[in-house]
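# Architecture and fold: a report
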Amino acid sequence: MKFLALCTCERVIIDKQGAHSLINIMLNAELQISPEQVPRNAVAPTQWFAYSMWMPSAEDIGQQFEQVYQVYWPDGEKFIETRTAFPQLDETVQQVSFGFYGLPVGQSGKLRVVTWLDKEGQRITEPVETSIHVKHLPKPTATPTSA
Amino acid sequence: MRYRCPVCFFDKLPYPPADYHICPCCGTEFGNDDADYSHEQLREMWIAGGANWFFGRSPEHWNPWLQLIQAGHEYAVPFKIKVGIRQPLGAERWVNIIRGTHEIPRVVYV
C-alpha cells in the first residue's frame with residue numbers, strides 16, 4: 001500500500017457511492033480560555049476526523065489491513081492510540097475516514113496525528129503525520145461603557 | 001466481565017458497582033458513598049477535586065475528560081471552551097462550543 005494523503009478535518013460526508021467529502025480542513029484550532037484556566041489535559045467535546053488515502057498494489061488485493069492512529073499532545077505525551085481494520089477488496093484507491101470524539105486542547109502548540117498501516121500485526125508502511133496547531137487566546141474582557 | 005462506574009464512567013471495573021467495591025478511578029465506594037450522595041453529586045465532587053485517578057497508576061493515556069465525553073456525558077466537563085477552526089488564506093469559520101454543567105451541548109456555527 002502506498003501512502004497518498006492524510007489530513008484532519010471537521011467533518012467527512014460519505015455518500016452512497018462511497019465518495020468522501022471533507023468539510024473544513026483543520027490546520028489551526030484557537031481557543032478563547034475562560035477566566036478559570038483549563039487543565040493541561042483538557043479535551044473539548046467536539047468531533048473531528050482524520051482522512052487518509054492509500055494506493056494498493058496488485059498483491060494487496062484481498063488482504064486485510066489495520067490502520068493505526070496516534071495523537072500526541074504538544075508536550076509529546078500520547079493522547080490516544082486507536083485502530084481500524086479494513087479489507088482491500090479491489091485495485092481502487094482506499095479512502096479511510098476515522099472519527100475522533102474529543103479534541104485535546106489543554107496545551108498550546110502542535111497536536112501531532114500519526115498513522116500507518118499494519119498487516120498481520122506488522123507495520124507495513126512508514127508512519128506519516130499531520131498536525132493541528134492549537135493556540136490559546138486570552139478571552140476578551142468586557143469594555144466598560146460610559147453612560 | 002467488565003462493569004462501568006456510574007459516577008465517573010470508567011468502564012473496566014472488575015466487579016459490579018455494589019457491595020462496597022471501590023472504583024479505582026473516582027474512589028467511590030458503592031453501598032457507602034452512594035448511600036449518602038447521588039451518583040451525579042459524587043461525579044460533581046470528583047470533578048471539582050480535579051477528576052484525578054484515585055488508586056494506583058492510571059491506565060496508559062487515561063484522560064478523565066475524554067472518559068466523560070466518550071460516555072456521552074460531555075455536559076459534565078466543567079470548563080467552558082470556545083474553539084475556532086481557523087483556515088489559512090483569510091477564510092475563517094468559527095465553531096463555538098460553549099457549555100456549562102447541566103447544559104445541553106450545543107454547537108453554533110457563525
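Residues numbered from 1 in each chain as written. Chains lettered and ligands numbered in written order. Predicted model: local features only at pLDDT ≥ 70, side-chain atom pairs only at ≥ 80, totals over all residues.

## Thoughts on the overall build of chain B
Helices and strands together make up the secondary structure of chain B, namely three helices and three strands. What you see in chain B, going N to C, is helices and strands ordered as α-α-α-β-β-β. Across the 110 residues of chain B, 28% fall into the buried class. Once local pairs closer than 6 in sequence are excluded, the contacts in chain B between residues at least 24 apart make up 30%. (Helix = DSSP H or I, 4+ residues; strand = E, 2+ residues; numbered from the N terminus. Buried ≥ 20, exposed ≤ 12 C-beta atoms within 10 Å, placed from the backbone. Contact = placed C-beta atoms within 7 Å.)

## Overview of the overall build of chain A
Helix and strand counts for chain A stand at zero helices and 10 strands. Along its sequence from the N terminus, chain A presents helices and strands in the succession β-β-β-β-β-β-β-β-β-β. Taken over the C-alpha trace, chain A has a radius of gyration of 19 Å; the compact-globule value for 147 residues is 15 Å, which it surpasses by more than 25%. With the C-alpha coordinates aligned to their principal axes, the bounding extent of chain A is approximately 75 × 35 × 20 Å. By the burial criterion, 22% of the 147 residues in chain A qualify as buried. Here the contacts in chain A between residues at least 6 apart in sequence split such that 68% fall between residues at least 24 apart. (Rg over C-alpha atoms; globule rule 2.2 N^0.38 Å.)

## Side note on the sheet that holds strand 2 (residues 20-25) of chain A
All names here are of chain A. Spatial ordering of the open sheet is given by 2-1-4-7, a layout of four strands whose pairing is antiparallel. Bordering the open sheet on either side are strand 2 and strand 7 (94-104), each of which pairs with just one other strand. Put simply, the sheet's adjacent strands are angled 45° from each other on average, direction ignored. As paired strands, strand 4 (residues 43-55) and strand 7 are joined by 10 bridges and run antiparallel to one another. Across the sheet, the residue bridging to Trp48 is Phe100, located in strand 7. (Pairing = 2+ DSSP bridges. Axes fitted to C-alpha atoms, helices over the stretch in contact; angles between N-to-C directions.)

## Here's the deal with helix 2 (residues 39-48) of chain B
Residues and elements named next belong to chain B. Within helix 2, burial applies to Leu42, Arg43 and Trp46. Down the axis of helix 2, the smallest arc covering the buried residues is 105°, so these residues share one side. Close packing links the buried residues of helix 2 with helix 1 (33-36). One or two residues past the end of helix 2 sits Gly50, with phi positive at roughly 105°. (Arc of directions from axis to C-beta.)

## So, the environment of Ala29 of chain A
Tracing the chain through its elements places Ala29 of chain A in strand 3 (residues 28-33). For the pair Ala29 of chain A and Lys110 of chain A, spaced 81 residues apart in sequence, the C-alpha to C-alpha distance is 9.9 Å.

## Side note on the nonpolar core
With 38 residues, the main nonpolar core has Ala29, Val43 and Val105 of chain A together with Cys5 and Cys8 of chain B as its most contacted residues. Elements with a contribution of two residues or more to this core: strand 3, strand 4, strand 7, strand 8 (109-119) and strand 10 (128-138) of chain A together with helix 2 and helix 3 (64-70) of chain B. (Core = buried A, V, L, I, M, F, W, Y, C linked by C-beta atoms within 7 Å.)

## Focus: the confidence of the model for chain B
Residues and elements named next belong to chain B. Mean pLDDT over chain B works out to 81, with 74% of the residues at or above the 70 mark. The spread of mean pLDDT over the elements of chain B runs between strand 3 (residues 107-109), the lowest at 43, and helix 2, the highest at 95. Predicted confidence is poor over residues 90-110, with pLDDT under 50, and the contacts of this stretch with residues over four places away or in other chains come to 38 contacts. Listed scores for the predicted complex are pTM 0.81 and ipTM 0.80. (pLDDT = per-residue confidence, 0-100.)

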